Structures are given as structure tokens and as C-alpha cells.
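These are the residues of each chain, in order.
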Amino acid sequence: MVREAREGDLQELLELYQYLHEKEVPGPSRQLSAAWRKILEDHHLLVNIVDGKIVSSCVCVIIPNLTRGARPYAFIENVVTHGACRGRGYATECLRAARQIAGENGCYKMMLLTGSKEQKTLDFYRNAGYNSQDKTAFIQWIDME
């Protein structure tokens with residue numbers, strides 16, 4: 001079952017993010033608490049629950065826009081599935097829910113970036129309806145040490 005994240009989901013999400021790129025679960029801090037509140041207020045953090053546990057997640061950010069008839073667009077980030085639960089469609093369900101949110105918000109497109117070069121991951125995104133031909137992504141890291 002896919003739903004929006006709730007206040008009590010933080011610890012479980014932080015543990016899930018270890019399957020993304022995090023190396024450890026961060027301890028409590030003001031910065032973490034502030035970020036969590038802001039995410040819950042301003043974004044759509046979707047979680048897929050199976051047997052009472054979060055097995056997959058993604059974040060959908062709706063971005064206001066002045067082009068394309070002032071229609072917003074959606075940006076998808078932090079798509080992740082627990083390592084033991086991959087290949088079962090859980091992330092696909094999260095992405096479908098994000099697409100529904102994007103449509104309900106009048107978005108004209110959805111975008112996501114992946115740092116993965118693995119063919120399996122790239123095929124997953126293509127099968128979910130994304131393409132890598134329309135745009136070129138550039139990233140500039142700021143103070144990442």
C-alpha cells in the first residue's frame with residue numbers, strides 16, 4: 001500500500017535510505033528535525049508499506065513554473081527499495097502514485113536523475129515511462145566532503 005509519509009516514519013525511512021547511498025543512520029539533530037518537518041509540509045514523500053514495514057519510497061516535489069502556461073512540473077528523488085524486496089514492483093507503485101500526484105497538480109512533466117550506471121536500474125526507469133533522450137542533466141555539488 002502506497003501512502004504519504006507520516007511523522008512516525010522517520011526512523012524507518014532513514015534505515016531504508018541505507019539502500020540508497022547513506023552509510024549510516026544519522027542521529028537526532030535540529031537540522032534533521034527541521035528537514036523532516038519541511039519535507040512533510042512541502043513535498044510528497046511516498047512510502048510503500050508491506051506487512052507493516054516500509055519497503056520502498058520516493059519523494060515527489062511539485063515545482064511552480066512560469067513557462068508552459070505556468071504549469072508546474074514534478075521532480076522525483078530518492079527512489080529506493082529495501083535490498084531484500086527488489087524486483088517485486090514496490091518502487092514502480094511509488095512512481096505510479098507520484099505520477100498521479102503530478103497529474104492532480106497539473107504538472108506537464110516529471111523528471112528524475114539517477115547516479116546509477118547499472119543497466120538494470122536504467123531499464124527500471126525506462127520501463128516506468130522515463131526516457132534519457134529528451135534532456136541532459138548537469139550537477140554541481142556544493143560543499144560535499
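The structure under discussion appears in the preceding block.
The text that follows walks through the structure, step by step, so that each part is easy to find. Predicted, not measured: the structure shown is a model, and the values here were computed from it.

Rules of the game
- Residues numbered from 1 in each chain as written.
- Predicted model: local features only at pLDDT ≥ 70, side-chain atom pairs only at ≥ 80, totals over all residues.
- Heavy atoms only, no water.
- Phe/Tyr/Trp six-rings, centres within 6.5 Å; stacked < 30°, edge-to-face > 60°.
- Buried < 20%, exposed > 50% of the residue type's maximum accessible area, 1.4 Å probe, protein only.
- Lys NZ or Arg CZ within 6 Å of the ring centre and 35° of its normal.
- Helix = DSSP H or I, 4+ residues; strand = E, 2+ residues; numbered from the N terminus.
- Pairing = 2+ DSSP bridges.

**So, the packing of aromatic side chains**
Argument step 1. The tally for this structure, following the rule as stated, stands at 3 aromatic pairs.
Argument step 2. On the basis of an interplanar angle of 85° and a centroid distance of 6.5 Å, the ring pair of Tyr125 and Tyr130 is categorised as edge-to-face. The same class applies to Tyr125 as to Tyr130, namely buried.
Argument step 3. Chaining the aromatic ring pairs together yields one cluster made of Phe124, Tyr125 and Tyr130.
Argument step 4. Taking the ring centre of Tyr73 as reference, the NZ or CZ of Lys109 above it sits at 5.3 Å.

**What about the pairing of strand β3 (residues 53-63)?**
Argument step 1. Taking burial as the measure, the 11 residues of β3 include 8 buried ones, the bulk of the element.
Argument step 2. Pairing of strand β2 (residues 44-50) with β3, which is carried by 7 bridges, proceeds in the antiparallel orientation. By the bridge assignment, Leu46 is partnered in β3 with Cys58.
Argument step 3. Remark: 2 residues form the turn of the hairpin made by β2 and β3, two consecutive strands paired antiparallel; Asp51 in that turn has positive phi of roughly 50°.

**Concerning the pairing of strand β4 (residues 73-81)**
Argument step 1. By the criterion of burial, β4 is predominantly enclosed, with 7 of the 9 residues buried.
Argument step 2. Note that β3 and β4 share 7 bridges and pair antiparallel. Pairing of Ile62 across the sheet is with Ala74, part of β4.
Argument step 3. Pairing geometry for β4 and strand β5 (residues 110-112), over 3 bridges, is parallel. In the sheet register, Phe75 faces β5, and the bridge partner there is Met111.

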